[in-house]
Amino acid sequence: MKFQKAIDFLLQNANPSIKLRVKKEILGSITPEEEAELQALILNEKIIRFMAEKQQENGWIGLGFHGSNKNAGQYDNQETATKYMGEKALKGTIILNRAMDAYTTTKLTDLCYETKGQYYSEFEIPAFGQNMIRCACVSRAGYDDVIDIVPQINVALESFRRVTEVDSILDVSRPSKKFRLFNNGERWPCRYHLEILAFTTSWKNESNIRMLAEAFHRLMRTDRPESMNIPVACWIGHAVGPLWYFPEGYSISTGATNQYSTDGIRRVNLEKVEWLCRCGLYPYLKELQLEVDYILEHIDENGICNVPFYENEFRGWGPYAGLQLETDWKSKIRKQCDITFRALLILYYSRLLNGE
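Quick caveat: nothing in here was measured; it's all calculated off a predicted structure.

Trainee: Explain the overall build of the protein here, please?
Mentor: What the protein contains, in helices and strands, is 14 helices and 4 strands. For 356 residues, the compact-globule formula gives about 21 Å, and the C-alpha radius of gyration of the protein, at 20 Å, lands near that figure. Summarising its shape, the C-alpha atoms of the protein cover approximately 55 × 50 × 40 Å along the three principal directions. Scored against the burial criterion, the 356 residues of the protein give a buried share of 56%. Across the protein, the fraction of contacts at a sequence separation of at least 24, relative to all contacts at a separation of at least 6, is 66%. Summed over all atoms, the accessible surface of the protein reaches about 15,700 Å², with 51% contributed by carbon and sulfur. Of note, the protein has its 43 positive side-chain charges centred 3 Å away from the centre of its 46 negative side-chain charges.

Below you can see the structure in the form of structure tokens.
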């Protein structure tokens, strides 16, 4: 009853993108005509119209890639725009098709990738490389059936598997003057690896899912403070920050930067929980089950989820955050729709929504 009331609440009150995804992704019941009608409403939203205005002739959105810069704002950069449009259920529309075409026609050495013409190989440098970002965008938008990202899916799996093969992150890195550096040619998982796995299915089998669960078991160990939360950089001729790599001492329940709230409120990181559930890890991680239980406890008799969460990470669309699909939160009900939708996705991908 609680699940059905949540669905009814969203279908009655939510943004067109949430309604579309509830019907298509959760219920598996939408006609082509309904989808086209809802997509037309989404395409008319202010942010999407802004992205369309910023789309270049080759399909690239704005003048940035990996987030904002002096020439690109929050939404007029290719990474944020394509992930946002993917989450808004715009697969198959002209604007997103053209943006995805830009990913296939633009060389990785192009200046738009903001690497000064250098290609940093994801096969040689752990937790780094513009192509890992590109492929995460492809997966998040749902175009992995159009654009081949199988090699990067394999890199993601190899990176998590490496966690299960070594004693600690100290074995894949070396000391330098100021901090540690990842060894060249090594593997170690980052946010973008998880993003690729969370939004693809071709890799999923019992063996890979169990391996991924074991990797997270090891990453979440807290009994060895000497290897927990160690800063590690990548070497590309000089030290650079990796793409938000997973530290030992990783926590599902903390904010994106692995920090707990300072006000004493128990919050849930809805993005972390959703992505791990999408990967099929719910049956294998007790810590994940506790987070899902906490979410369930905060769905009321009307089907509305009011679980405490990390608001800045939810609303702050960019390379490392962003879940909000409602156009704004000026009314309480819009915020409730966003949170309730994420709760439903989590229950669906944990398979609890199906009673399994």
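Trainee: Please clarify how unusual backbone geometry should be interpreted in this entry.
Mentor: A negative phi angle is the norm for most residues apart from glycine, just as the trans form is the norm for most peptide bonds. Phi at Glu-114 is positive, roughly 60°, even though this residue is not glycine. Positionally, Glu-114 belongs in the loop between α6 (94-105) and α7 (130-141). Exposure remark for Glu-114: the relative accessible area of 36% places this residue in the partly exposed category. Its identity is not glycine, yet Lys-116 carries a phi of approximately 55°, on the positive side. With respect to the element layout, Lys-116 can be found in the loop between α6 and α7. Residue Lys-116 is classed as exposed on the basis of its relative accessible area, which comes to 78%.

Trainee: Honestly, the environment of Lys-91 in this entry has me stumped. Any pointers?
Mentor: In this fold, Lys-91 is placed in the loop between α5 (78-87) and α6. For Lys-91, a relative accessible area of 35% corresponds to the partly exposed category. When near neighbours in sequence (up to four residues on either side) are disregarded, Lys-91 contacts Gln-39, Leu-96, Ala-141, Gly-142, Tyr-143 and Asp-145.

Trainee: Help me understand empty space enclosed by the protein, please; the structure alone is not making it clear to me.
Mentor: Empty space among the atoms can be located by rolling a probe the size of a water molecule over them. Under the defined criterion, the tally for this structure stands at 2 cavities of 30 Å³ or more. Here the largest cavity is characterised by a volume of approximately 90 Å³. As for the largest cavity, its lining consists of 13 residues, of which Asn-269, Glu-271, Tyr-310, Glu-313 and Phe-314 are closest to the centre. Put simply, the parts of the chain that give the lining of the largest cavity at least two residues each are α11 (270-278) and α13 (311-315). Its residues assigned to classes, the lining of the largest cavity shows 9 nonpolar, 2 polar and 2 charged. Roughly 30 Å³ of volume is contained in the second largest cavity. In terms of lining residues, the second largest cavity is bounded by Arg-218, Arg-221, Asp-223, Arg-224, Ser-227, Met-228, Glu-248 and Gly-249. A class-by-class count of the residues in the lining of the second largest cavity yields 1 nonpolar, 2 polar and 5 charged.

Trainee: Teacher, can you tell me more about the environment of Gly-255 here?
Mentor: Note that Gly-255 resides in the loop between β4 (239-240) and α11. Gly-255 sits in the buried class, given a relative accessible area of 2%. Along the chain, Gly-255 and Gly-73 lie 182 residues apart, while their C-alpha atoms are 24 Å from each other. With residues up to four places along the chain from it excluded, the contact list for Gly-255 reads Asn-269, Lys-272, Tyr-310 and Glu-313.

Trainee: Help me out: how do you make sense of helix α2 (residues 16-26) in this one?
Mentor: Since the α-helix packs 3.6 residues into each turn, any two residues three or four apart lie on the same face. Those residues of α2 that fall on the buried side of the exposure criterion are Pro-16, Ser-17, Ile-18, Leu-20, Arg-21, Val-22 and Ile-26. At the exit of α2 stands Gly-28, carrying a positive phi of roughly 65°.

Trainee: Is there a simple way to think about the environment of Ile-149 in this case?
Mentor: For Ile-149, the location among the structural elements is in the loop between α7 and α8 (150-165). With relative accessibility at 1%, the residue Ile-149 sits in the buried group. Taking the C-alpha atoms as reference points, Ile-149 and Leu-212, 63 residues apart in sequence, are found 19 Å from one another.

Trainee: Can you help me understand the side chain of Gln-324 in this one?
Mentor: Here Gln-324 lies in the loop between α13 and α14 (332-349). There is a polar contact of 3.5 Å between the side chain of Gln-324 and the side chain of Arg-315. Setting aside anything within four residues of it in sequence, one finds Gln-324 in contact with Tyr-84, Phe-314, Arg-315, Trp-317, Trp-329 and Asp-338.

Trainee: Hey, could you run me through the pattern of salt bridges in this one?
Mentor: It is possible for side chains of opposite charge to pair when their charged atoms get near one another. Applying the stated rule across the entire model yields 27 salt bridges. Of the charged contacts in the structure, one is a salt bridge between Glu-186 and Arg-162, with a shortest N-O distance of 2.9 Å. One end of the pair, Glu-186, is in the loop between β2 (180-182) and α9 (191-198); the other, Arg-162, is in helix α8, with 24 residues separating them in the sequence. By relative accessible area, which is 12% here, Glu-186 ends up buried.

Trainee: Help me understand the packing of α11 against helix α12 (residues 286-297) in this model?
Mentor: The description of two packed helices rests on the angle between their axes and on the distance between the axes. Relative to each other, α11 and α12 sit at 120°, their axes nearing to 10 Å. Taken together, the axes of α11 and α12 are oblique relative to one another. Crossing geometry of α11 relative to α12 is assigned as left-handed. Of α12, the residues touching α11 (which contributes Leu-270, Val-273, Leu-276 and Cys-277) are Leu-288, Glu-291, Val-292 and Ile-295.

Trainee: Please explain the sheet that holds strand β3 (residues 232-235) as it appears in this structure.
Mentor: Within a beta sheet, neighbouring strands are joined by backbone hydrogen bonds and run either parallel or antiparallel to one another. The strand order across the open sheet built from 4 strands is β1-β2-β3-β4, with neighbouring strands paired in mixed fashion. Only two strands of the sheet have a single neighbouring strand rather than two, namely β1 (173-175) and β4. Inspection of the sheet shows β2 paired to β3 by 2 bridges, in the parallel sense. By the bridge assignment for β3, Leu-181 is matched with Ala-233.

How each quantity is defined
- Residues numbered from 1 in each chain as written.
- Predicted model: local features only at pLDDT ≥ 70, side-chain atom pairs only at ≥ 80, totals over all residues.
- Heavy atoms only, no water.
- Helix = DSSP H or I, 4+ residues; strand = E, 2+ residues; numbered from the N terminus.
- Rg over C-alpha atoms; globule rule 2.2 N^0.38 Å.
- Buried < 20%, exposed > 50% of the residue type's maximum accessible area, 1.4 Å probe, protein only.
- Contact = heavy atoms within 4.5 Å.
- Areas by Shrake-Rupley, 256 points an atom, 1.4 Å probe, with all protein chains shown as cover.
- Lys, Arg positive; Asp, Glu negative; His and termini not counted.
- Charge placed at Lys NZ, Arg CZ, Asp CG, Glu CD.
- 1 Å grid on protein atoms, 1.4 Å probe; cavity = no way out; pocket = protein on both sides within 12 Å on 5 of 7 lines; lining within 4 Å.
- Points joined across faces, edges and corners; volume = space filled by probe spheres on them.
- Nonpolar A, V, L, I, M, F, W, Y, C, P; charged D, E, K, R; others polar.
- Polar contact = N/O pair within 3.5 Å; in protein donor to acceptor, adjacent residues only side chain to side chain.
- Salt bridge = Lys/Arg side-chain N within 4 Å of Asp/Glu carboxyl O.
- Axes fitted to C-alpha atoms, helices over the stretch in contact; angles between N-to-C directions.
- Parallel < 35°, antiparallel > 145°, perpendicular 65-115°, else oblique.
- Left-handed = near helix turned anticlockwise from the far one by under 90°.
- Pairing = 2+ DSSP bridges.

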